[in-house]
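# Secondary and tertiary structure notes
Single-letter residue listing:
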Amino acid sequence: MEQLNGLDSMFLYLEQPGLPMTISTVSIYDPSRAPQGPVRFKDILKTFENGIPKASVFRRRLVTVPGNLDHPYWIEDPDFDLEFHVRHIALPKPGDWRQLYIQLARLQARPIDRSRPLWEAYVIEGLNQLDGVPPGSFALMLKVHHAAMDGKTGINLFLAMHDFDPVAPASEGEILVPREPMPSAASLLYNTAKNYTARSLGAVGIARDYGRRLWRVQRAKREGLIHDIEGKTHVRFNDAPSANRSVARYRISREQCQQVRRLISGATINDVMLAVISGAQREYLASKGELPEHTLVAGCPVDVRNRNNRDQEHNLVGIMNVALCTDIADPFKRFRTVHKEALAAKAYHQSLGPDLVNSTTQLIPPYLLGWGVKGFLRVADRMPGVQNVLISNVPGIEVPVYFAGARMIDAFGLGPVLPHCNLFHTVSSMLDHLSISINACRQALPDPEFYIECLDRSWQSLYDCVDSSARRVRSFKPAAEKARGAA
């Protein structure tokens, strides 16, 4: 039995009807050269079964404390049933990209059953008209509750399910899944009393630590190393979200991104992606007559693990606020300024302390944290946006990998819509390209295909800044990405 930390629990408290806190990965596989021949559903089930001992996320379920007086616990599910979690579906004909995105949006909008381990997997067949995808391929959507996984945990989960060689799923013997009896209410309440005592003893030290953090921030401001972002504003992506979702994705050549990155000394691929999204936001909101005078702000989740906790499976993330410079029209000037703002945001984040969110959620008594989240949800859509959109950079796959013997040929991620921030961009890489995938409230983004066009024009305007002598790679715009949809 292991207790959730404060941030794990906060994602449970944030979840409301129509607002599932779910992270998803979507992978597409070509089974044509699988060593065992056709990849059947039983092969996929066996691959999951083989991965279960390697990743506790698959096996653990929640146990709540009576009266919600303390954060919940994880236990090894005593009634684990693999076939409840792995489902088999198919797209209707013609099975094109638009239909796939619509299906993903519908699945992403559904909550996960909290009475079982917090994950679901959907094997999706019928991919008949996905340009660039071989016939007979299948997709796999893996949904996991954010309380059980952050980006780092997701990488470990992904590796548990994949091989670096095309091997058939091992089928010798039955995999024994650990199981654990339900704890008694008395034992949970006894642990609660101990936890409250520990929090009280640690409160003074944590308050003193906060004082040191604030002093570092003020000193950095006086020295001109960091600054506050002025003029934060409210846009359509900060309204209360509906229960419906829009899903879409845009791809960019990795080599072309490197060419753009090299335009500015010290710039990163992440800076390039921020600039592309900035231009798309500028065009999209302007088309609605809603472009604010001041810049939009992106919330960028960052991993805050260190060598002392790098193997922990809890959520250990902070949030870094970056000005997107949507008030700048020129694409190169905007890219250069976004790079500077990203550096300033990193300095601010370090001055305040990367583990601030985790420290705060650990200090606040659980029942107060739950009440505070519920109060925030009632007023969030009337507040100026702290972050207008979310942009998460997730490490991708640099080498070929295989699932049930089938080679992965494409992959991207989907982050959760949040109460005050209902457009989530996930930036990920896959061999020779990068993806910007979006999960959004359909009410705020009813036309995801137009937003993808905005991303395309923003990228092309930025790539036009590259000197013509550097244009050795033809524009990466596969036909597979022309059709996009929403649900």
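To be clear, the structure that these remarks concern was listed above.
Before going further, it helps to spend a moment on helix H2 (residues 41-51). Of all 11 residues in H2, eight are buried; the element is thus mostly enclosed. Regarding H2, the residues found buried are Asp43, Ile44, Leu45, Lys46, Thr47, Phe48, Glu49 and Gly51.

Counting residues in each nonpolar core, the largest one holds 58 residues, and the members touching the most others are Phe48, Trp119 and Phe403. Here this core gets six residues from one element, more than from any other, and that element is helix H1 (residues 6-14). In contact with Phe403, not counting residues within four places along its chain, are Tyr29, Ile44, Thr47, Phe48, Phe138, Leu140, Met161 and His162. Core analysis: the second largest hydrophobic core is formed by 50 residues, Val272, Ala280, Leu423 and Tyr451 among them.

Together, Leu159, Phe164 and Val399 make up an exposed nonpolar region whose accessible area comes to about 280 Å². Note on placement: Leu159 falls in helix H5 (residues 151-161).

Under the definition given, this model contains one cavity of 30 Å³ or more. Estimates place the volume of the largest cavity at around 30 Å³. Forming the boundary of the largest cavity are Ala275, Val276, Pro331, Arg334, Ser458, Ser461 and Leu462. Broken down by element, the lining of the largest cavity gets its largest block of residues, three residues, from helix H12 (residues 448-463). Residue composition of the lining of the largest cavity, grouped by class: four nonpolar, two polar and one charged.

This part covers the pairing of strand E5 (residues 86-90). Taken together, the five bridges between E5 and strand E6 (residues 119-125) define a ladder with parallel strand orientation. Bridge pairing in E6 links Arg87 to Tyr122. As a crossover connection, the stretch from E5 through helix H4 (residues 97-108) into E6 is right-handed.

Two numbers describe how helix H8 (residues 269-287) lies on helix H9 (residues 331-352): the axes approach to 9 Å, and their chain directions differ by 120°. By the angle class used here, H8 and H9 are oblique. Handedness of the H8/H9 crossing: right-handed. Of H9, the residues touching H8 (which contributes Asp271, Val272, Leu274, Ala275, Ser278, Gly279 and Arg282) are Arg334, Phe335, Val338, His339 and Ala342. Among the residues making up the contact of H8 with H9, the classes are represented as six nonpolar, three polar and three charged.

Rules used throughout
- Residues numbered from 1 in each chain as written.
- Predicted model: local features only at pLDDT ≥ 70, side-chain atom pairs only at ≥ 80, totals over all residues.
- Heavy atoms only, no water.
- Buried < 20%, exposed > 50% of the residue type's maximum accessible area, 1.4 Å probe, protein only.
- Helix = DSSP H or I, 4+ residues; strand = E, 2+ residues; numbered from the N terminus.
- Core = buried A, V, L, I, M, F, W, Y, C linked by side-chain atoms within 4.5 Å.
- Contact = heavy atoms within 4.5 Å.
- Patch = residues over 30% accessible without salt bridge, like charges linked within 9 Å, V, L, I, M, F, W, Y side chains within 5 Å.
- Areas by Shrake-Rupley, 256 points an atom, 1.4 Å probe, with all protein chains shown as cover.
- Salt bridge = Lys/Arg side-chain N within 4 Å of Asp/Glu carboxyl O.
- 1 Å grid on protein atoms, 1.4 Å probe; cavity = no way out; pocket = protein on both sides within 12 Å on 5 of 7 lines; lining within 4 Å.
- Points joined across faces, edges and corners; volume = space filled by probe spheres on them.
- Nonpolar A, V, L, I, M, F, W, Y, C, P; charged D, E, K, R; others polar.
- Pairing = 2+ DSSP bridges.
- Right-handed = clockwise from strand over helix to strand, strands pointing away.
- Axes fitted to C-alpha atoms, helices over the stretch in contact; angles between N-to-C directions.
- Parallel < 35°, antiparallel > 145°, perpendicular 65-115°, else oblique.
- Left-handed = near helix turned anticlockwise from the far one by under 90°.

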